[in-house]
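# A structural walkthrough
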Amino acid sequence: WVKETLERISKIATLSFTLDDTSAALGAALVPPNPIASRSSEDVPTDAQTALRAAEEKMAQADEDLKARSATLNQMEAHILGLRSAKHEKHGELLPEDLFSYMDTVEEWLFSPEADDANNEALRAKWDEVQAKTAELSKEYNERIDAERKAKEAEMEVEAKQAQKERAGEEADEEDHDNRRLPKKRRMEIVMKNKKEGGELFSDGNFKFAAARYAKALSHCAKFVDLGPDDQVEVNEVKLTLNLNLALAYLKMQNP
């Protein structure tokens, strides 16, 4: 077709059937520049062009059908593989033998002539059937897994709320009953932890809870025991900083 087209345009029947480099170069040189652009929107497609477009659309549809077919088959195979693997995992003992017998028949079908001849609609119907049947046979297993999943989600939700509560400094409003005689280093760690959290809350604009953290840090400053002169100076400096931070937090609350 290419040879005939070039010969018709050039009116020189010198092109070989093998389309060697010389022939191709000659044909390209003889084709008018941008012949497609010279066509107007009113030009009626030729029969050959219409046939080519139809063939192209048919091939595109065939590609889409093939992709859909492969996707459905892959889903079935992956589903079966997942259930077979689940047998060796937690609660796998809840999967009955009837399930595995059924999956054997499904796998045999997948490699049968019937599956090869099945259209996409038939494959989707088979996939729906497989999902429904395996769900029925593995009901107890699925219920156990689902219950554990929900319990884990509830646990995570509680942890998240607790973390948010601590972040907001709500615990600072509770009465502090920590009267242990802690070493100076350990008590200072608690003071500085509350001071740091107060600073973070202050930076986030949570002035009320920042003030609560500063106040809690000050309460721990009053619980140092057996301090030497140098340690007392250090504690006093920390207390001064905390009082200044606390005062600033109160000012921010009054004049946000």
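Just above, that's the structure.
These numbers were taken from a predicted model, which means no experiment stands behind them.

Quick look at the overall build of the chain now. Secondary structure summary: the chain contains ten helices and zero strands in total. Starting at the N terminus and ending at the C terminus, the chain contains elements arranged as α-α-α-α-α-α-α-α-α-α. The buried share among the 256 residues of the chain stands at 27%. Long-range contacts, defined here as pairs at least 24 residues apart, represent 64% of the contacts in the chain between residues at least 6 apart. Carbon and sulfur atoms make up 54% of the accessible area of the chain, which amounts to about 17900 Å² in all.

What follows deals with the nonpolar core. Met-76 and Leu-110 are the most contacted members of the largest nonpolar core, which has 21 residues in total. Within the residue set of this core, elements represented by two or more residues are α3 (47–86), α4 (97–110) and α6 (120–137). If you look at the next biggest cluster of nonpolar residues, it comprises 18 residues, including Val-191, Phe-202, Cys-221 and Val-235.

This brings us to the pattern of salt bridges. On inspection of all chains with the given rule, the structure shows 14 salt bridges. Salt-bridge contacts for Glu-197 lead to Lys-193; the nearest nitrogen and oxygen are separated by 2.8 Å. Placement of the pair is Glu-197 and Lys-193 together in helix α8 (residues 184–203), with a separation of four residues, close to one helical turn. It is possible to trace a salt-bridge network through shared partners that takes in Asp-146, Arg-149, Lys-150 and Glu-153.

Right, let's get into helix α9 (residues 207–221). Helix length check: α9 (15 residues) gives 21 Å between terminal C-alpha atoms against 21 Å at 1.5 Å per residue, within 8%. Listed in full, the buried residues belonging to α9 are Phe-207, Phe-209, Ala-210, Ala-211, Ala-212, Arg-213, Tyr-214, Ala-217, Leu-218, His-220 and Cys-221.

Under the defined criterion, the tally for this structure stands at one aromatic pair. Look at Phe-202 and Phe-207: their rings are 5.1 Å apart centre to centre, the planes differ by 70°, and that puts the pair in the edge-to-face class. Against the face of Trp-109 rests Lys-126, its NZ or CZ located 5.0 Å from the ring centre.

Attention now goes to the packing of α4 against α6. In helix packing, the relevant descriptors are the interaxial angle and the interaxial distance, both defined with respect to the helix axes. As a packed pair, α4 and α6 sit with axes 10 Å apart at the nearest point and diverge in direction by 165°. By the angle class used here, α4 and α6 are roughly antiparallel. Remark: the crossing between α4 and α6 carries left-handed chirality. Where α4 abuts α6, its residues Asp-98, Leu-99, Tyr-102, Val-106 and Trp-109 lie against Leu-123, Lys-126, Glu-129, Val-130, Lys-133, Thr-134 and Leu-137.

Criteria and cut-off values
Residues numbered from 1 in each chain as written. Predicted model: local features only at pLDDT ≥ 70, side-chain atom pairs only at ≥ 80, totals over all residues. Heavy atoms only, no water. Helix = DSSP H or I, 4+ residues; strand = E, 2+ residues; numbered from the N terminus. Buried < 20%, exposed > 50% of the residue type's maximum accessible area, 1.4 Å probe, protein only. Contact = heavy atoms within 4.5 Å. Areas by Shrake-Rupley, 256 points an atom, 1.4 Å probe, with all protein chains shown as cover. Core = buried A, V, L, I, M, F, W, Y, C linked by side-chain atoms within 4.5 Å. Salt bridge = Lys/Arg side-chain N within 4 Å of Asp/Glu carboxyl O. Expected span 1.5 Å × (residues − 1). Phe/Tyr/Trp six-rings, centres within 6.5 Å; stacked < 30°, edge-to-face > 60°. Lys NZ or Arg CZ within 6 Å of the ring centre and 35° of its normal. Axes fitted to C-alpha atoms, helices over the stretch in contact; angles between N-to-C directions. Parallel < 35°, antiparallel > 145°, perpendicular 65-115°, else oblique. Left-handed = near helix turned anticlockwise from the far one by under 90°.

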